[in-house]
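Secondary and tertiary structure notes
For reference, the chains in residue letters:
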Amino acid sequence: MVEKSWLESHLAACQDNMGQPHTRFCNTQENFSMSKAVKYAERAVTIAANGAWTIFEKLNSISPNPSFTPKWSDKPLLKSWQKEKPPLGWPRTTDSHCPK
């Protein structure tokens, strides 16, 4: 007995008892090649979006927007790279505003 390929077995499963595809969305050879075209189109859009994002990040790092200054403060808020990161470890220690 010769083993069927994936496409042959899939096409056989997609047909009704009269030998006709039972839905128009059944994965025939035409739809299979169409899915390849969609795959390549999605890949092209992904590459273009990644390139555009890289350019946007570079331009934003050259001239970043000024920080927002709230009405209640005389200094602007810090950007994420300007903030201090607490050391991670166990046990964690936090800065307390309560006197000891």
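The text that follows walks through the structure, step by step, so that each part is easy to find. (Residues numbered from 1 in each chain as written. Predicted model: local features only at pLDDT ≥ 70, side-chain atom pairs only at ≥ 80, totals over all residues. Heavy atoms only, no water.)

When its secondary structure is counted, the chain shows two helices and zero strands. Out of the 100 residues in the chain, the part that is buried amounts to 4%. Of the roughly 10,100 Å² that the chain leaves accessible, carbon and sulfur atoms contribute 61%. (Helix = DSSP H or I, 4+ residues; strand = E, 2+ residues; numbered from the N terminus. Buried < 20%, exposed > 50% of the residue type's maximum accessible area, 1.4 Å probe, protein only. Areas by Shrake-Rupley, 256 points an atom, 1.4 Å probe, with all protein chains shown as cover.)

Under the counting rule described, the total for this entry stands at one aromatic pair. On the numbers, 5.5 Å between centres and 35 degrees between planes, the contact of W53 with F56 is tilted. Highlighted residues: W53 and F56, both in helix α2 (residues 29-62), separated by three residues, approximately one helical turn. (Phe/Tyr/Trp six-rings, centres within 6.5 Å; stacked < 30°, edge-to-face > 60°.)

Among the surface-exposed residues, I55, L59 and I62 lie close enough to one another that they form a single nonpolar patch of about 350 Å² accessible area. One can find I62 in helix α2. (Patch = residues over 30% accessible without salt bridge, like charges linked within 9 Å, V, L, I, M, F, W, Y side chains within 5 Å. Salt bridge = Lys/Arg side-chain N within 4 Å of Asp/Glu carboxyl O.)

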